[in-house]
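One letter stands for each residue in the lines below.
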Amino acid sequence: MVATDKPAYKVVGTRPVRPDGTDKVTGRAEYGADLRLDGMLYGAVLRSPHAHARITRLDTSKAEALPGVLAVATNADFPRVASGNLNLGEGTANPMWLVDNLLAGEKVLYHGHAVAAVAAIDQHVAEDALALIEVEYEVLPFVIDVREAMLETAPILHDDLRTAVRAAGVAPAPDRPTNVATHLRLEKGDLDAGFAEADVVIEREFETSMFHQGYIEPQNGSAFWNQDGNLTVWTSVQGSFATRDQLSAVLQIPVSRIKVVPMEIGGGFGGKINVYLEPLAAILSRKSKRPVKMWMTREAVFQATGPTSATYCRVKIGAKRDGTFTAAHAYLAYEAGAYPGSPVGAGAQCAFAPYNIANQVVDGFDVVVNGPKTSAYRAPGAPASEYAVEATINELAEMLQIDAMDLRLKNASREGTANAVGAPWPTIGAEAVMNAVKNHPHYTSELHGDDVGRGVALGFWFNGGMESSGTATVTADGRVSLNMGTVDIGGSRASHAMQLAEVLGLEMDDINAHIVDTDSTGYNGVTGGSRVTFQGGWVMHDLGMAIRQQLQERAAGLWDVAADAVTYDDGSVVGPDDADGQPRRMSFKEIASKLSNSGGMITVSATSKRNTQGPAFAGHIVDLQVDRDTGKVTILRYTAIQDVGTAIHPSYVEGQIQGGAVQGIGMALNEEYVYDDQGRLRNSTFLDYRMPVANDLPMIDVQLIEVPNPGHPFGVRGVGEVPIVPPQAAIRNALYDALGVNFYQTPVSPRVILDELLPKD
Amino acid sequence: MTTTSSSFIFSATINGEQREFLADERDSLLEALRERAGIRGPKEGCNNGNCGACAVLLNGVLVNSCCVMAAEVTGEQITTVEGLATPEGLAPLQQCFLEEAALQCGICTPGFLIASTALLAENPHPTEEETRFWLAGNLCRCTGYDKIIRAVLKAADQTA
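Residues numbered from 1 in each chain as written. Chains lettered and ligands numbered in written order. Predicted model: local features only at pLDDT ≥ 70, side-chain atom pairs only at ≥ 80, totals over all residues. Heavy atoms only, no water.

K.L.:
Outline the sheet that holds strand β7 (residues 114-120) of chain A, listing residues and values.
P.N.:
Two orientations exist for strands paired in a sheet by backbone hydrogen bonds: parallel and antiparallel. Residues and elements named next belong to chain A. Spatially, β3-β7-β1-β15-β12-β13-β14 is the arrangement adopted by the 7 strands of the open sheet, whose pairing is mixed. With partners counted over all chains shown, the strands left at the sheet margins are β3 (69-73) and β14 (258-262), one partner each. On average, each strand axis in the sheet is inclined to that of its neighbour by 25°, with strand direction left out of account. Alignment of strand β1 (residues 41-47) against strand β15 (residues 292-295), held across 2 bridges, turns out to be parallel. Counted as the bridge partner of Leu41 is Val292 from β15. (Pairing = 2+ DSSP bridges. Helix = DSSP H or I, 4+ residues; strand = E, 2+ residues; numbered from the N terminus. Axes fitted to C-alpha atoms, helices over the stretch in contact; angles between N-to-C directions.)

Okay, here's the thing in structure tokens:
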């Protein structure tokens, strides 16, 4: 069902070298930690050694007295901030809790929680100063496991927290302290009637670990708070404007007093939306009157930023003998870390998305624990709930003796069927992806060898929309200078420039794509949610059409013909034939050279907040082999199939899918958070938090399905999120094929496999 | 920068150029390059030798500059990513990384380019498996390595 009506594009669908490529292969690209400013100080942060403790004494005087130390900051340096709700695009933040997360207030709530910050003449002096800060703690009982945290007897993190119930028909929660911040419910149809219709009912439960985004560039943030009251911040974040808004909320200064300058960003995957260091650098700068640069140690990145929620998920599905799903229920408990705000809501909406199930209920619980405040991570919330559903379906297929892909196809969501909240799906590629999996040579090939297995799983993600803006200026030499406010985390300069070039009939290299600061273009949401090339593409369309309109008007004036007699065709303005019968035509370059003398240069701006996102579906196939002596799993072959709408730059589309799949492989097999019996994180290095390396993997084969999004000028759907969803279940299902063992947790590390395979005492 | 008793004159040949500057005896080679010499191509990803983003060539040998003390390398030859291109243009590896879309965010790219340079110097025509093993000390979180491996193999193919 690959779309056959895709227009013939000149630029879209080609693979040019990205505009920022040369800077990034020569070491010239400036990331946040590469910043140098005259008089710059270096900041460092003291962190809690305890999982949960009351701070009974905090004395920074000795650190302040150390020569070379120019400022020290604690929670007391922040203004008092009221509870509220700040929309960050992918998730929200309560400024009151945000301040306490930046620098602990009365209590530390997790190992690595920031307690104080210093600014000094160099890094070594700053680190020396940290050792001079005196903190006394009253250590408190802690809880890290999400189900333990939900018990009435659990240690309580926040005395004033009460459960917000967002579930019709569920009684309000009792008025007593709890760690359960929210209970939400999605409901459609009649669950009991649906299960009563079923011939077979299956119920399974699953646990997933916290997983870190694992970006290679640690968080950083630099600030200069000028004595005129204006604050400038340089940082590597996914959202310059989201950072500005958070700074405004926690520092209580207007947004117009803050300029955020986006530096190149070394990965984020959702983990670089919340602020960590920028407000500390700002306060240290205000106190020292000097610019302050900060960056995080890798240990702190693991302890105190990121991860995604550890979860407990229970899934129940009812089906008729012929495979028709009659009812489904999911119970999803997601830990949020130390402050409320897990992505359980999105997990709930995604859980059964690939399937058309008339009767379903999803209960979601947002639970605080003594761990780092979770943040968005690629398709936030979706990997855990969909893993549980895809694993359960694999077992159901075996019970019903129906091919796992046939069972999925029989129940596939399609245009017009209702999603989890009862709304009809737009044009989607769920069925196209499922058919592509079923017919893929990988799926139909023979698998040979000892202890080998094959698994499949599907994935879904909404893809976000949010808001994008841009400004374009036609230059006298016939090119376009493009200012954007969405940071380029993996090729969006290219994807934007290509779309604008397509509208204008130019080459990508004719567009000079720049990422500019928050004072230099309109509002832009975060780079995330798989929304940037989608919404930015709309902005490029609007900018390009506005430029075309103005060029047509200029040409009409130059030719002295009616404006509506001039059209735009393939990079040229075209007018009616002249008196001699010769065609009137001027290329973009020709008319650009005449702009100055025909009314001035052309600059246009556009903002788009369209709500016509294209949901994305993916299907992954994996072959693997298990070493029974070591528990090591080798990925033999991996195929990722995805409906991408239209691939603007296919190489970067493939790259997003390959990278997302490999992150999911890490979740499935190796990555996990290991806390000891004191609640201390024991694996906060890249050696011990075991992300996939080059020799863990084969090539990741990608098949792009293009079902264009009708809500986008080029059919873009957004690509980057959904590939992280299928791997955990695909690998788990392949392990069953290889070993005949169903695993109910991720990661399925060598230790977990050996526990199953080794003889029991 | 305040001069303290712990400072010393760092002296080495960096990317073919003799450089001398003040450093602290507690500086790693990475810190000295980045914060004292202004050579910021090598990146800090972990500061303990696990990620390879800070990779440089020390007398032609691949090292993680975060795990070498600056004071140890006085008088040595150091090559960073800034030293790979020539006045005539990009090195073949750099060109292949661009053509194969072997970078997304680009933070690990300097380390991969340096490590790949060391690989091809030792083994001009590596197999895919040899390339994957050699580059196992460099972490990339964006690409899943696929296009990086292809870029390195393509650069090797272009070498006689």
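K.L.:
Now, about the interface of chain B and chain A: what can you tell me, with residues and values included?
P.N.:
Listed per partner, the contact involves 50 residues of chain B and 63 residues of chain A. For the pair chain B and chain A, the summed buried surface comes to about 4,800 Å²; carbon and sulfur atoms form 55% of the total. When the buried area of chain B at its contact with chain A is split by residue, B:Glu35, B:Gln104 and B:Arg141 rank highest and sum to 18% of it. Here chain B is connected to chain A by 8 salt bridges. With its nearest N and O atoms 2.7 Å apart, the salt bridge here joins A:Asp34 to B:Arg34. Our enumeration of links across chain B and chain A arrives at 33 residue pairs in polar contact (both at pLDDT 80 or more). When residues of the side of chain B that touches chain A are traced back to their parent elements, those giving at least two are α1 (29-36), α2 (92-99), α3 (109-122), α4 (128-134) and α5 (146-157) of chain B. Along the lines of polarity and charge, the residues of the side of chain B that touches chain A split into 21 nonpolar, 11 polar and 18 charged. (Contact = heavy atoms within 4.5 Å. Buried area = accessible area lost by both parts, 1.4 Å probe. Salt bridge = Lys/Arg side-chain N within 4 Å of Asp/Glu carboxyl O. Polar contact = N/O pair within 3.5 Å; in protein donor to acceptor, adjacent residues only side chain to side chain. Nonpolar A, V, L, I, M, F, W, Y, C, P; charged D, E, K, R; others polar.)

K.L.:
Got a sec to walk through the domain arrangement of chain B? Specific residues and values, please.
P.N.:
Residue and element names in this part refer to chain B. As assigned here, chain B comprises domain 1 (7-80) and domain 2 (92-157). In this structure, domain 1 and domain 2 have C-alpha centres spaced 22 Å apart. Facing the 12 residues of domain 1 at the interface are 11 residues of domain 2. For the pair domain 1 and domain 2, the two sides together bury roughly 840 Å², of which 71% comes from carbon and sulfur. Taken together, the links from domain 1 to domain 2 amount to 0 salt bridges. Looking at which element gives the most residues to the side of domain 1 that touches domain 2, the answer is strand β3 (residues 55-58), with 3 residues. Residue classes in the side of domain 1 that touches domain 2 are distributed as 6 nonpolar, 5 polar and 1 charged. (Domains from an automatic or database assignment.)

K.L.:
Any details on the side chain of A:Thr232? Residues and values, ideally.
P.N.:
By the element assignment, A:Thr232 lies in strand β13 (residues 231-235). Among residues more than four places away in sequence, those in contact with A:Thr232 are A:Ser222, A:Ala223, A:Phe224, A:Lys259 and A:Val261.

K.L.:
Describe the sheet that holds strand β24 (residues 572-575) of chain A, with residues and values.
P.N.:
All names here are of chain A. Ordered in space as β23-β24-β25, the 3 strands form an open sheet in which the pairing is antiparallel. This sheet does not close on itself; its edge strands, each paired only once, are β23 (567-569) and β25 (584-587). Within this sheet the neighbouring strands show an average axis-to-axis angle of 30°, counted without direction. Pairing geometry for β24 and β25, over 4 bridges, is antiparallel. Residue pairing for β25: Ser572 is matched across the bridge by Ser587.

K.L.:
I'd like a description of unusual backbone geometry, backed by residues and values.
P.N.:
All names here are of chain A. For the bond from Thr746 to Pro747, the omega torsion is 0°, close enough to zero to count as cis. Relative to the helices and strands, Pro747 resides in the loop between β30 (745-746) and α20 (750-757). You will see that Gln401, though not glycine, has its phi angle at about 55°, which is positive. Inspection of the secondary structure assignment puts Gln401 in the loop between α11 (382-400) and α12 (404-410).

K.L.:
How would you summarise α3(B) if you had to cite specific residues and measurements?
P.N.:
Residue and element names in this part refer to chain B. Its 14 residues place the ends of α3 20 Å apart at the C-alpha level, agreeing with the 20 Å of an ideal helix rising 1.5 Å per residue. The buried fraction of α3 is high, at 11 of 14 residues. Considered for burial, the residues of α3 that qualify are Thr109, Pro110, Gly111, Phe112, Leu113, Ile114, Ala115, Ser116, Ala118, Leu119 and Leu120. (Expected span 1.5 Å × (residues − 1). Buried < 20%, exposed > 50% of the residue type's maximum accessible area, 1.4 Å probe, protein only.)

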